[in-house]
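# Coordinate analysis (summary)
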Amino acid sequence: MVCGGFICTKNALSALNVLYVLVSLLLIGVAAWGKWFDLVSSFRVVAGVVSVGIFLFLVAIVGLCGALKHHQVLLFFYMIILFTVFVMQFSVSCACLALNKDQQNHLLEVGWNKSEATQSDVEKTLNCCGFFSVPINGSCAASCYKLVTPSACNTCSNTIQQIAGEVLRFVGGIGLFFSFTEILGVWLAHRYRNLKDPRSNPGAFL
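Residues numbered from 1 in each chain as written. Predicted model: local features only at pLDDT ≥ 70, side-chain atom pairs only at ≥ 80, totals over all residues. Heavy atoms only, no water.

### A look at the environment of Asn-158
- Of note, Asn-158 is situated in helix α7 (residues 156–193).
- Looking at Asn-158, the relative accessible area reads 43%, which means it is partly exposed.
- The spatial distance from the C-alpha of Asn-158 to the C-alpha of Cys-128 is 9.2 Å, given a sequence separation of 30 residues. (Helix = DSSP H or I, 4+ residues; strand = E, 2+ residues; numbered from the N terminus. Buried < 20%, exposed > 50% of the residue type's maximum accessible area, 1.4 Å probe, protein only.)

Rendered as structure tokens:
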């Protein structure tokens, strides 16, 4: 059986969904690990990552079952869901790569002011205090604030801005890579739906 036939397409689609299952389990595991070791104190961040992992896991299971059973209905809904995810992920990835420095600073400031738990995580991880200014009489989770003096700490805006561009480019690149695997999954599912199983009745419509 040459590649591009029924068996090859089935194996390719199954392998792609196994990859999605592994990625989803990795997302859930990393979120649980970060919460268990108190690396991330924000419950909403952990819940968001776990939710994405569970959603990806369910989509992969639908695709895997559709591929193994050559189930027309499952493959149809798998195509629709995966194409929708592709459009959203491709748009977000392009936005991450297209953000300029002023837009990055605005988004960082909005995110900083939105959650005190996020502020504490950033201060503790990056060893910085405040966003634009170090709070003299306030509180800060950074070690430089507690062990030395407040004036010895750098503001978090300077520290975050140094790595924000690299992080956005990395996230945008990874997002673009996975978005192309998703459109590949849509194409494989569409092709697989229109192929007949050579082991079945040649006159049967699948």
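This is not the end of the story, as more comes after the structure.
### Here we look at the state of the cysteines
- Applying the stated criterion across every chain, the model contains one disulfide.
- With its sulfur 2.1 Å from that of its partner, Cys-128 forms a disulfide with Cys-156. Classification of the bridge connecting Cys-128 and Cys-156 rests on its S-S torsion, roughly 100°, and on that basis the disulfide is right-handed. Remark: Cys-156 occurs in helix α7 and Cys-128 occurs in the loop between α5 (116–126) and α6 (143–147); sequence separation between them is 28 residues. No difference in accessibility class separates Cys-128 from Cys-156, as the two residues are buried. (Disulfide = S-S within 2.5 Å.)

### A few points about the nonpolar core
- Grouped together as the largest cluster of nonpolar side chains are 17 residues, with contacts concentrated most on Leu-13, Tyr-20, Leu-75, Tyr-78, Leu-82, Ala-189 and Tyr-192.
- Leaving out residues up to four positions away in the same chain, Tyr-78 has contacts with Leu-13, Asn-17, Tyr-20, Val-59, Val-62, Gly-63, Gly-185 and Ala-189.
- Counting seven residues, the second-largest nonpolar core is a separate cluster that includes Val-134, Cys-140, Ala-142 and Cys-153. (Core = buried A, V, L, I, M, F, W, Y, C linked by side-chain atoms within 4.5 Å. Contact = heavy atoms within 4.5 Å.)

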